[in-house]
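These are the residues of each chain, in order.
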2 protein chains.
Amino acid sequence: MPPDAARRSDRSRLAILAAARDLVVEVGYPRVSIEAIARRAGVGKQTIYRWWPSKGAVVFDAVRALSEDEAGVITLPDTGDLEADLKTVLRATAVEFTDPTLSALLRALYAEIAVDPELATLYQEKVERPLTEAKLDRLRSAQRAGQFDPDADLALCLDFLYAPFTQRWLSRTGPLDDAYADALVEATLRAFAPTARG
Amino acid sequence: MPPDAARRSDRSRLAILAAARDLVVEVGYPRVSIEAIARRAGVGKQTIYRWWPSKGAVVFDAVRALSEDEAGVITLPDTGDLEADLKTVLRATAVEFTDPTLSALLRALYAEIAVDPELATLYQEKVERPLTEAKLDRLRSAQRAGQFDPDADLALCLDFLYAPFTQRWLSRTGPLDDAYADALVEATLRAFAPTARG
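Remember, it's a predicted structure, so these values are computed and weren't measured experimentally. Numbering of residues starts from 1 in each chain and follows the order in which that chain's sequence is written. Here chains are named by letter from A upward and ligands by number from 1 upward, in the order in which they appear as written. In keeping with the predicted nature of the model, local features appear solely for residues at pLDDT of at least 70, side-chain atom pairs appear and are counted solely at 80 or more, and the whole-chain, interface and lining totals rest on all residues. Neither water nor hydrogens contribute to the side-chain values; these are computed over all heavy atoms in the structure.

Undergrad: How do you make sense of the interface of chain B and chain A when you look at a structure like this?
TA: A common way to state how big an interface is: give the accessible area lost once the parts meet. By definition, residues are in contact when any of their heavy atoms lie within 4.5 Å. Taken residue by residue, the interface counts 30 residues in chain B and 30 residues in chain A. Of the roughly 2,600 Å² buried between chain B and chain A, counting both surfaces, carbon and sulfur atoms make up 63%. Each reported salt bridge corresponds to a side-chain nitrogen of Lys or Arg within 4 Å of a carboxyl oxygen of Asp or Glu. Linking chain B with chain A are zero salt bridges. Of all elements in the fold, only α6 (100-115), α7 (117-144), α8 (154-171) and α9 (178-191) of chain B reach the threshold of two or more residues within the side of chain B that touches chain A. All amino acids are sorted into three groups, where Ala, Val, Leu, Ile, Met, Phe, Trp, Tyr, Cys and Pro are nonpolar, Asp, Glu, Lys and Arg are charged, and the leftover types, Gly among them, are polar. Tallied by class, the residues present in the side of chain B that touches chain A amount to 19 nonpolar, six polar and five charged. Note on terms: buried area is the combined drop in 1.4 Å-probe accessible area of two parts once they are placed together, counting the loss on both. In this description a helix means any DSSP run of H or I spanning at least four residues, a strand means any run of E spanning at least two, and both kinds are numbered starting from the N terminus.

Undergrad: In this structure, what is going on with the UniProt feature "domain: HTH tetR-type" (unreviewed entry) in chain A? I would like to understand it.
TA: Look at the UniProt record and you will see "domain: HTH tetR-type" (unreviewed entry) annotated at residues 10-70 of chain A. As annotated, residues 10-70 of chain A comprises 72% helix and 0% strand, and the C-alpha atoms at either end are separated by 11 Å. UniProt positions are given in the numbering used here, feature names are shortened, and annotations may be inferred rather than shown by experiment.

Undergrad: Which parts of the structure should I look at to understand the environment of A:Leu154?
TA: Residues and elements named next belong to chain A. As for its placement among the helices and strands, leucine 154 is situated in helix α8 (residues 154-171). Once the C-alpha coordinates of leucine 154 and arginine 190 are considered, the two residues, 36 residues apart in sequence, prove to be 14 Å apart. What leucine 154 contacts, discounting residues up to four positions off in sequence, is Leu136, Leu139, Arg140, Gln143 and Phe148.

Undergrad: Got a minute to help me understand the side chain of B:Arg168 in this structure?
TA: In this fold, B:Arg168 is placed in helix α8. Each residue is assigned to one of three classes by its accessible area relative to the maximum for its type, calculated with a 1.4 Å probe on protein chains only: buried under 20%, partly exposed between the two thresholds, exposed over 50%. We count Lys and Arg on the positive side and Asp and Glu on the negative side, and we leave His and both chain ends out. Nearest to the buried, unbridged B:Arg168 among oppositely charged side chains is A:Asp159, at 4.5 Å. In protein, a polar contact requires one atom able to donate a hydrogen and another able to accept it; more generally it is a pair of N or O atoms within 3.5 Å, and residues adjacent in sequence count only if both atoms are side-chain atoms. A polar contact of 2.8 Å, which involves the side chain of B:Arg168, links it to the backbone oxygen of B:Pro175. Among residues more than four places away in sequence, those in contact with B:Arg168 are B:Thr173, B:Gly174, B:Pro175, B:Leu176 and B:Tyr180.

Undergrad: Help me out: how do you make sense of the relation of the copies chain B and chain A in this one?
TA: Relating one copy of the chain to the other takes a rotation about an axis and a shift parallel to that axis. Once turned by 180 degrees and shifted 0.0 Å along the axis, chain B lies on chain A with an RMSD of 0.0 Å. Put plainly, the chains are arranged around a two-fold axis. Most of the interface of chain B is mirrored in chain A, where 100% of its interface residues again form contacts. Residues below a pLDDT of 70 in either copy are left out; the C-alpha atoms of the rest, at least 70 in both, set the least-squares superposition of the copies.

Undergrad: Whenever I open this one, the state of the cysteines confuses me. Can you help?
TA: As used in these notes, a disulfide is a covalent bond between sulfur atoms, one from each of two cysteines. Here, the term disulfide refers to a pair of cysteine sulfur atoms separated by no more than 2.5 Å. On inspection of all chains with the given rule, the structure shows zero disulfides over all chains. In this structure A:Cys157 is not part of a disulfide, and its nearest cysteine sulfur, from B:Cys157, lies 17 Å away. Judged by its relative accessible area of 0%, A:Cys157 falls in the buried class.

Undergrad: Would you take a moment to explain the packing of helix α1 (residues 3-27) of chain B against helix α2 (residues 34-41) of chain B for this structure?
TA: The description of two packed helices rests on the angle between their axes and on the distance between the axes. Residue and element names in this part refer to chain B. For helices, the fitted line uses only the C-alpha atoms of the stretch in contact; every axis is such a line through C-alpha atoms, and the angle between N-to-C directions lies from 0 to 180 degrees. Contact pair α1 / α2: the axes reach a minimum separation of 8 Å and the direction vectors enclose 120 degrees. Here α1 is positioned oblique relative to α2, judged by the angle of their axes. In this structure, α1 crosses over α2, and the sense of that crossing is right-handed. For the pair α1 and α2, the contacting residues are Ala15, Ile16, Ala19, Ala20, Asp22, Leu23 and Glu26 in the first and Ala36, Ile37, Arg40 and Ala41 in the second. The residue makeup of the contact of α1 with α2, split by class, is eight nonpolar, no polar and three charged. Angular relationships are summarised with four words: roughly parallel below 35 degrees, roughly antiparallel beyond 145, roughly perpendicular across 65 to 115, and oblique for the angles in between. Should the near helix be turned anticlockwise from the far one by less than a right angle, the crossing is termed left-handed; should it be turned clockwise, right-handed.

Undergrad: Explain the packing of α1(B) against helix α4 (residues 55-65) of chain B here, please?
TA: Residues and elements named next belong to chain B. Two elements in contact, α1 and α4, have axes whose closest approach is 8 Å; the angle formed by their N-to-C orientations is 100 degrees. One way to sum up the angle between α1 and α4 is to call them roughly perpendicular. Two secondary-structure elements touch here, α1 through Ile16, Leu17, Ala20, Arg21 and Val24 and α4 through Val58, Val59, Asp61, Ala62 and Ala65. Within the contact of α1 with α4, the residues separate by chemical class into eight nonpolar, no polar and two charged.

Undergrad: Teacher, can you tell me more about the environment of B:Asp81 here?
TA: All names here are of chain B. Position of aspartate 81 among the secondary structure elements: in the loop between α4 and α5 (82-98). Considering only alpha carbons, one finds aspartate 81 and alanine 145, 64 residues apart in sequence, at a separation of 9.6 Å. With near-sequence residues (within four places) excluded, aspartate 81 lies in contact with Arg138 and Gln147.

Undergrad: Could you clarify how one ought to interpret α5(B) in this entry?
TA: Structurally, the α-helix is built with 3.6 residues per turn, so residues lying three or four positions apart point the same way. Residues and elements named next belong to chain B. If you check α5, its first and last C-alpha atoms are 24 Å apart, about what 17 residues at 1.5 Å a residue would give, namely 24 Å. Of the residues making up α5, those classed as buried are Leu82, Asp85, Leu86, Lys87, Val89, Leu90, Thr93, Ala94 and Phe97. Contacts from the buried residues of α5 go to α6, α7, α8 and α9. The backbone nitrogen of glutamate 83 has a side-chain oxygen 3.2 Å away, supplied by the residue at the start of α5, namely aspartate 81. Here, expected helix span is obtained from the residue count minus one, scaled by 1.5 Å.

Undergrad: Mind showing me how you'd approach the domain arrangement of chain A here?
TA: Residue and element names in this part refer to chain A. As assigned here, chain A comprises domain 1 (3-59) and domain 2 (82-191). Measuring from the centre of the C-alpha atoms in domain 1 to the corresponding centre in domain 2 gives 27 Å. In this assembly, eight residues from domain 1 lie in contact with nine residues from domain 2. Taking both partners together, domain 1 and domain 2 bury about 740 Å²; carbon and sulfur atoms supply 84% of that area. Summed over the three residues of domain 1 that lose the most area to domain 2, namely Val24, Val25 and Tyr29, the buried surface amounts to 53% of that side. Linking domain 1 to domain 2 there are zero salt bridges. One can count zero residue pairs in polar contact (both at pLDDT 80 or more) joining domain 1 with domain 2. Elements that contribute at least two residues to the side of domain 1 that touches domain 2 include exactly α1 (3-27) and α4 (55-65). The residue makeup of the side of domain 1 that touches domain 2, split by class, is six nonpolar, one polar and one charged. Annotation comment: domain bounds sourced from an automatic or database domain assignment.

In structure tokens, the structure reads:
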């Protein structure tokens, strides 16, 4: 693609993703349509269909884009200090989930996912899995560095780090602040320290 | 109340709670009405309003009733062995959440709670808090017995035990079986063992 066309195409893509996010917040996932996204983004419906097969695919790409860098890649910091890196990530996630617009977007999607198994699968594939892979990479690096139980069930570690956080956010049972982020990281590291098992 | 009237009243109460649960599964929380519950339970609307101020109050009492014994009390087993007791409770919870009818009921309520802060508060008060108190009692007893870090943040412990479980159930990312229940208990106990902190 010539540079100008590539820039235009990139601008369209970003406009579509932003429109999808805005519409979910404004009218709720069930009432969002490809047509409405196209209108809001100022592109033709066909432009959207060229890149995405369905409404759900656009919306979840829009969510995932929030965690990507400019090259479209998701990575976690790796300074060599696992505890510090995880605290950085969880504190940043806490800030994100406390943002009213993003929180409303994710809340609307969670409500749908809870009752729609197909949507749950799509969310899994588009958002959850790429994020999980990035997190697992960071834990594997810590295992290689001897900072983490080499036999730990890494999926369970991620559950420990993130599930309490998500639950607190969903049920509004307490603040998502630095102290909570740090406490989750510290307790998880105690559970999966290299020396934690007899 | 004379014994016969008390028995009748008890029967009505149980019929109302069962009707409320069935209706949420069948038509979804938003479409359940006090009238429909009364009709299904074979009682007058006034009978329901005598005991409950709102639809949400009936529905959440109906959910809580599933965790109560005959006297209306929620307690966790306390054999003196914390690990065994927690495994018993989490394995039983796994069986409950795998039951299709109960799972459908809770899923319908979670979807509403995620987007309705008032309903979230009512759920908190009617279901979550009594269950949490029973769980905290068991952990405090373990602290007194020296089986648990005396300085542990007990709310965080409960998050570790239950949030991964709830998340796995909500997003259908894996089986809720004995192995998972046991792994959650073991990792939580490692994180909050009496000797876990330097």
